[in-house]
Every structure is written in C-alpha cells, then in structure tokens.
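Reading the structure
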Amino acid sequence: MHLLVSIDIPAQGLDAFNAYEDRVLSRLEAHGGQLGMRMRSPDGRREVHLLTFPDAVAREAFLADPERESHRHLWTESGARADTLELERLDA
C-alpha cells in the first residue's frame, strides 16, 4: 500500500508541526511502514510524504498507535491539514 500525503502547514504552526513529526515518524517502522520520501516547499508551508505499508491493517495500526496518539495535541496546535491519496505502483 502506497500513500501520498500532502500537508499544508500554517506559518504560525511550523514549530508544533516539526515537534509532532519528530515524535511520530519514528513510529512507522513499528507497524511495517516506511517513509520513502519526505519533501518540503522552500517556504516550509507544504510537506509531502510518500509512505509505504504492507497493507491496510498495518496502516490502521499506525494510525491507532497509542504513542502516536499521545502527540496528537501537537498536530492540533500546528493547524496542519493533510490530504492522503492511495496510489498503485506501475513498475513491478
């Protein structure tokens, strides 16, 4: 399962967003997830992730991870908004 996550970050929320990412991205591996790519616009207001999970069950386990959830307040404080698009790999 491949996901493209596009995140819009308000300027005043960058510090909280960075703190959230520092704590949460490390939880991917515990659920079989991988961060294939992480890119940010020059102004720091948009970030894009390419994530891979073995299946939907692993993705849901990551989303429900208690440690990840314990940092949700940072996401809320940041005011960030994310759109997720599931993708299929064309080159096998």
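Above this text you will find the structure in question.
How each quantity is defined
Residues numbered from 1 in each chain as written. Predicted model: local features only at pLDDT ≥ 70, side-chain atom pairs only at ≥ 80, totals over all residues. Heavy atoms only, no water. Helix = DSSP H or I, 4+ residues; strand = E, 2+ residues; numbered from the N terminus. Rg over C-alpha atoms; globule rule 2.2 N^0.38 Å. Buried < 20%, exposed > 50% of the residue type's maximum accessible area, 1.4 Å probe, protein only. Contact = heavy atoms within 4.5 Å. Phe/Tyr/Trp six-rings, centres within 6.5 Å; stacked < 30°, edge-to-face > 60°. Pairing = 2+ DSSP bridges. Axes fitted to C-alpha atoms, helices over the stretch in contact; angles between N-to-C directions.

The next thing to look at is the overall build of the protein. Along the protein, the regular secondary structure elements total four helices and four strands. Going from the N terminus to the C terminus, the protein shows its helices and strands as β-α-β-β-α-α-α-β. Its C-alpha atoms give the protein a radius of gyration of 13 Å, near enough to 12 Å, the size a compact globule of 92 residues would have. Along the first, second and third principal axes, the C-alpha set of the protein runs to 40 × 30 × 15 Å. Counting only residues that meet the buried cut, the protein has 34% of its 92 residues in that class. Long-range contacts, defined here as pairs at least 24 residues apart, represent 71% of the contacts in the protein between residues at least 6 apart.

Okay, the packing of aromatic side chains next. Scanning all chains against the criterion turns up three aromatic pairs. Here the aromatic rings of Phe17 and Trp75 are separated by 6.0 Å at their centres, their planes lie at 55 degrees, and the arrangement is tilted. Of this pair, Phe17 sits in helix H1 (residues 14–24) while Trp75 sits in helix H4 (residues 72–78), and the two are 58 residues apart along the sequence. Of the two residues, Phe17 and Trp75, both sit in the buried class. When the ring of Phe53 is compared with that of Phe62, the centres are 5.8 Å apart and the planes differ by 40 degrees; the resulting orientation is tilted. Overall, Phe53 belongs to the buried group, its relative accessible area being 2%. When its relative accessible area of 7% is taken as the criterion, Phe62 is described as buried. Three or more aromatic residues link up through ring pairs in this structure, and these residues are Phe17, Tyr20 and Trp75.

So, on to the pairing of strand E2 (residues 34–40). Where E2 meets strand E3 (residues 46–52), six bridges bridge the pair, whose relative direction is antiparallel. Looking across to E3, one finds that Arg40 is bridged to Glu47. What sits between E2 and E3 in their antiparallel hairpin is a turn of five residues, with Gly44 showing a positive phi close to 75 degrees.

Another aspect to go through is the sheet that holds E2. Pairing within the open sheet is antiparallel, and its four strands lie in the order E2-E3-E1-E4. Edge positions in the sheet fall to E2 and strand E4 (81–87), since each has one partner strand and no second. Geometrically, the sheet is characterised by an average inter-axis angle of 15 degrees between neighbouring strands, direction not taken into account.

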